[in-house]
Amino acid sequence: AETYHQMRLQLLVESKDFALARREIDDMERKKKLDMAFIAGFRAEVERRAGNYKEAEQILIDALCHIPPGVLCAGLHAQLARIYIHYIPSKRTLHRAEKLIDEAVDFVTEEPHHLLLQAVRGELYMVREKYSKAEKLLKESIDRLLEDHPIPPTANPPFVMRIWFNLKGIMSQLFYSQQDENQNPFYAEVCLSLAKVYIALEQKEKATQTLHSGLALCQQPFIADQLRELLRSV
């Protein structure tokens, strides 16, 4: 039942009907259909998608006051760190993002989770303009995360490649609002960050390849539009 409720919320968030998504999240919270960590994660993702970054920040801050240390807590740490990194960066918030990542690492034991956090740390290096360190962490993270589920060979790779996402990673469900057999928005966002790093390093061919990989991983407009826009500018 919990998986069904998660998938329902994922679909609502992707539909961009944020008002309906908010009502459904409120209903699930009231009826205790999902763990509080998932409720907070989805609620923050709705506000992120809607461009309400300060609201997303506050939702996650409030939730972290009540979630015990562990995988779910690490996921919320990572979500909040990414809000600071990508949407409200400042010296203070980036320092806070670094502390959140450091704390989250202590909550997880499995490699996939560590790799997800490593990718977030790479994004932090990116916004701090430490591009060599960012490239190393982002590329290593995305390569190793995809090892278990490689992109299948195809005659037209940029547009018809698909990847199957491993649903067992409970923390990674808190990094983004949806995952199905053909889409992986978080991995695509990592590709976007890596492409920006390559552009900063004046490695445009690698940037182009990485952007195509991101589009192969996810066609959801929230991230795909950003990938295409950057691709046009390279």
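Cut-off values and rules
Residues numbered from 1 in each chain as written. Predicted model: local features only at pLDDT ≥ 70, side-chain atom pairs only at ≥ 80, totals over all residues. Heavy atoms only, no water. Helix = DSSP H or I, 4+ residues; strand = E, 2+ residues; numbered from the N terminus. Buried < 20%, exposed > 50% of the residue type's maximum accessible area, 1.4 Å probe, protein only. Contact = heavy atoms within 4.5 Å. Areas by Shrake-Rupley, 256 points an atom, 1.4 Å probe, with all protein chains shown as cover. Core = buried A, V, L, I, M, F, W, Y, C linked by side-chain atoms within 4.5 Å. Phe/Tyr/Trp six-rings, centres within 6.5 Å; stacked < 30°, edge-to-face > 60°. Salt bridge = Lys/Arg side-chain N within 4 Å of Asp/Glu carboxyl O. Polar contact = N/O pair within 3.5 Å; in protein donor to acceptor, adjacent residues only side chain to side chain. Axes fitted to C-alpha atoms, helices over the stretch in contact; angles between N-to-C directions. Parallel < 35°, antiparallel > 145°, perpendicular 65-115°, else oblique. Left-handed = near helix turned anticlockwise from the far one by under 90°. Nonpolar A, V, L, I, M, F, W, Y, C, P; charged D, E, K, R; others polar. Expected span 1.5 Å × (residues − 1).

K.L.:
Help me get a handle on the overall build of the chain, residues and values and all.
P.N.:
Summing up its helical and strand segments, the chain has 12 helices and 0 strands in all. In the chain, the succession of helices and strands from N to C terminus is α-α-α-α-α-α-α-α-α-α-α-α. Residue burial in the chain is summarised as follows: out of 234 residues, 50% are buried. Sequence-distant contacts in the chain: of pairs separated by 6 or more residues, those separated by 24 or more amount to 59%. Accessible surface for the chain amounts to roughly 11,200 Å². Of this, 52% is attributable to carbon and sulfur atoms.

K.L.:
Provide a residue-level description of the nonpolar core, including the pertinent values.
P.N.:
Counting residues in hydrophobic clusters, the biggest one holds 52 residues, and the most contacted among them are Leu76, Ile142, Phe186, Tyr187, Ile223 and Leu227. Take this core: its biggest share by element is 10 residues, from helix H10 (residues 185–200). Membership of the second largest hydrophobic core comes to 12 residues, among which are Leu12, Val13, Phe38 and Phe42.

K.L.:
For the packing of aromatic side chains, give the residues involved together with the corresponding values.
P.N.:
The description of two aromatic rings rests on the distance between their centres and on the angle between their planes. In the structure shown here, the tally under the stated rule is 2 aromatic pairs. Both rings, one in Tyr53 and one in Tyr87, keep their centres 4.2 Å apart while their planes meet at 15°; by these two values the pair is stacked. A residue pair is termed long-range when its members are at least 10 positions apart, and Tyr53 in helix H4 (residues 53–64) and Tyr87 in the loop between helix H5 (71–86) and helix H6 (91–105) qualify at 34 residues. Its relative accessible area of 24% is what places Tyr87 among the partly exposed residues.

K.L.:
Kindly report on the pattern of salt bridges, identifying the contributing residues and their values.
P.N.:
The tally for this structure, following the rule as stated, stands at 19 salt bridges. Here Arg228 makes a salt bridge to Asp225, at a shortest N to O gap of 3.7 Å. On the criterion of helical spacing, the pair formed by Arg228 and Asp225 is a turn pair, its members being 3 residues apart in helix H12 (residues 221–233). On the basis of relative accessibility, which here comes to 43%, the residue Asp225 falls in the partly exposed class. In this structure, a network of salt bridges that share partners links the residues Glu45, Arg48, Arg49, Arg82, Glu123 and Glu189.

K.L.:
Let's hear about the environment of Gln118: which residues, and what values?
P.N.:
Examined against the element boundaries, Gln118 turns out to sit in helix H7 (residues 111–127). Gln118 sits 22 residues away from Glu140 along the chain, and the two C-alpha atoms are 8.8 Å apart. With residues near it in sequence (within four places) discarded, Gln118 still touches Leu137, Glu140 and Ser141. A distance of 3.0 Å separates the side chain of Gln118 from the side chain of Glu140, its partner in a polar contact.

K.L.:
Before we move on, could you go through the packing of H4 against H5 and cite the residues and values that matter?
P.N.:
Where H4 contacts H5, the axes come no closer than 10 Å and their chain directions differ by 155°. Taken together, H4 and H5 sit at an angle that is classed as roughly antiparallel. For the pair H4 and H5, the crossing hand works out as left-handed. Contact residues: H4 offers Tyr53, Ala56, Glu57, Leu60, Ile61, Ala63 and Leu64, while H5 offers Cys73, Leu76, His77, Gln79, Leu80, Ile83 and Tyr84. The residue makeup of the contact of H4 with H5, split by class, is 11 nonpolar, 2 polar and 1 charged.

K.L.:
Explain helix H3 (residues 36–49) to me, and be specific about the residues and the numbers.
P.N.:
Given a rise of 1.5 Å per residue, 14 residues ought to cover 20 Å, and the 20 Å separating the end C-alpha atoms of H3 matches this to within 8%. With 13 of its 14 residues buried, H3 lies for the most part within the structure. N-cap assignment for H3: the residue whose side-chain oxygen lies 2.7 Å from the backbone N of Ala37 is Asp35. Note on H3: the residue one or two positions beyond its end, Gly51, has a positive phi of about 85°.

K.L.:
A description of the environment of Glu103 should follow, citing residues and the corresponding values.
P.N.:
Mapping Glu103 onto the fold places it in helix H6. Among the residues examined, Glu103 registers a relative accessible area of 29% and is labelled partly exposed. With 30 residues separating them in the primary sequence, Glu103 and Cys73 have C-alpha atoms 9.6 Å apart. In contact with Glu103, other than residues within four places in its own chain, are His77 and Arg96.

Such coordinate-based values are descriptive only and should not be taken to indicate function.
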